[in-house]
Amino acid sequence: YLVGWASAPYYDKDKKVLHWAKELKIGDSALPNTLNYNLRILGRKGIFVMNAVASMNQIDEVKSSINEVLNSISFDQGSRYADFDPDIDEV
């Protein structure tokens with residue numbers, strides 16, 4: 001069951017990344033709720049999708065590691081968001 005936002009959607013303009021996180025409850029389980037943290041890293045012609053799934057009590061650990069994870073992702077030359085060419089690329 002969707003409980004609500006664990007982290008409201010936002011766009012990081014500098015890194016060109018969409019973030020949001022949902023808090024989920026699995027049935028009648030007594031276990032802590034589940035965190036589903038979503039990242040959409042924008043490229044020139046597509047996106048790179050990442051999800052972190054953890055327990056809700058690990059949200060601070062997940063959030064603190066996001067930048068390290070993002071720094072490990074890169075698009076090839078010509079496919080980066082910064083390579084967008086408005087003269088030949090579609091919006």
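Placed above this text is the structure.
Cut-off values and rules
Residues numbered from 1 in each chain as written. Predicted model: local features only at pLDDT ≥ 70, side-chain atom pairs only at ≥ 80, totals over all residues. Heavy atoms only, no water. Helix = DSSP H or I, 4+ residues; strand = E, 2+ residues; numbered from the N terminus. Buried < 20%, exposed > 50% of the residue type's maximum accessible area, 1.4 Å probe, protein only. Contact = heavy atoms within 4.5 Å. Lys, Arg positive; Asp, Glu negative; His and termini not counted. Charge placed at Lys NZ, Arg CZ, Asp CG, Glu CD. Polar contact = N/O pair within 3.5 Å; in protein donor to acceptor, adjacent residues only side chain to side chain. Salt bridge = Lys/Arg side-chain N within 4 Å of Asp/Glu carboxyl O. Expected span 1.5 Å × (residues − 1). Bend = angle between axes of the 7 residues up to and from the residue. Core = buried A, V, L, I, M, F, W, Y, C linked by side-chain atoms within 4.5 Å.

## Structural notes on the overall build of the protein
Phase 1 of the analysis: Scanning the protein from terminus to terminus reveals one helix and four strands.
Phase 2 of the analysis: Ordered by position from N to C terminus, the α and β elements of the protein give β-β-β-β-α.
Phase 3 of the analysis: Summarising its shape, the C-alpha atoms of the protein cover approximately 55 × 25 × 15 Å along the three principal directions.
Phase 4 of the analysis: Per-residue burial for the protein yields a buried fraction of 29% across its 91 residues.
Phase 5 of the analysis: Excluding contacts between residues fewer than 6 apart, the proportion of contacts in the protein whose partners are at least 24 apart in sequence is 36%.
Phase 6 of the analysis: Separation of charge centres in the protein, based on 10 positive and 13 negative side chains, amounts to 2 Å.

## Structural notes on the environment of Asn 33
Phase 1 of the analysis: Its location among the elements puts Asn 33 in the loop between β2 (17–24) and β3 (34–42).
Phase 2 of the analysis: In sequence terms Asn 33 and Ala 52 are 19 residues apart; their C-alpha atoms lie 14 Å from each other.
Phase 3 of the analysis: The residues contacting Asn 33, other than those within four sequence positions of it, are Val 3, Glu 23, Leu 24, Lys 25, Ala 54, Ser 55 and Met 56.
Phase 4 of the analysis: At 2.7 Å, the side chain of Asn 33 and the side chain of Glu 23 are in polar contact.

## Observations concerning the side chain of Asp 89
Phase 1 of the analysis: Along the polypeptide, Asp 89 turns up in the segment after α1 (59–71).
Phase 2 of the analysis: Looking at Asp 89, its side chain comes within polar contact range of the main-chain nitrogen of Asp 85, at 2.7 Å.
Phase 3 of the analysis: Apart from residues no more than four positions distant in its own chain, Asp 89 is found in contact with Arg 44, Lys 45, Asp 83 and Phe 84.

## Let's talk about the pattern of salt bridges
Phase 1 of the analysis: Tallying each qualifying case throughout the model produces two salt bridges.
Phase 2 of the analysis: Its salt-bridge partner being Arg 44, residue Asp 89 comes within 2.7 Å of it at the nearest N-O pair. Residue Asp 89 is located in the segment after α1, and its partner Arg 44 is located in the loop between β3 and β4 (47–55); the two are separated by 45 residues in the primary sequence.
Phase 3 of the analysis: Classification of Asp 89 as buried rests on a relative accessible area of 11%.
Phase 4 of the analysis: In this structure, Asp 83 and Arg 80 form a salt bridge, with 2.8 Å as the shortest nitrogen-oxygen distance.
Phase 5 of the analysis: The class of Asp 83 is buried, set by a relative accessible area of 17%.

## Focus on α1
Phase 1 of the analysis: For α1, spanning 13 residues, the distance from its first C-alpha to its last is 19 Å, which sits close to the expected 18 Å at 1.5 Å a residue.
Phase 2 of the analysis: Considering bend angle alone, the principal kink of α1 is centred on Ser 65 and spans about 35°.
Phase 3 of the analysis: The set of residues buried in α1 consists of Ile 59, Val 62, Ile 66 and Leu 70.

## A word on the nonpolar core
Phase 1 of the analysis: Ranked by size, the top nonpolar core spans 13 residues in total, and within it Ala 6, Leu 35, Tyr 37, Leu 39, Val 62, Ile 66 and Leu 70 carry the most contacts.
Phase 2 of the analysis: Contributing elements (two or more residues each) for this core: β2, β3 and α1.
Phase 3 of the analysis: For Leu 35, the residues in contact, after removing those within four places along its chain, are Ala 6, Ala 21, Lys 22, Ala 52, Val 53, Ala 54, Ser 55, Met 56, Ile 59 and Val 62.

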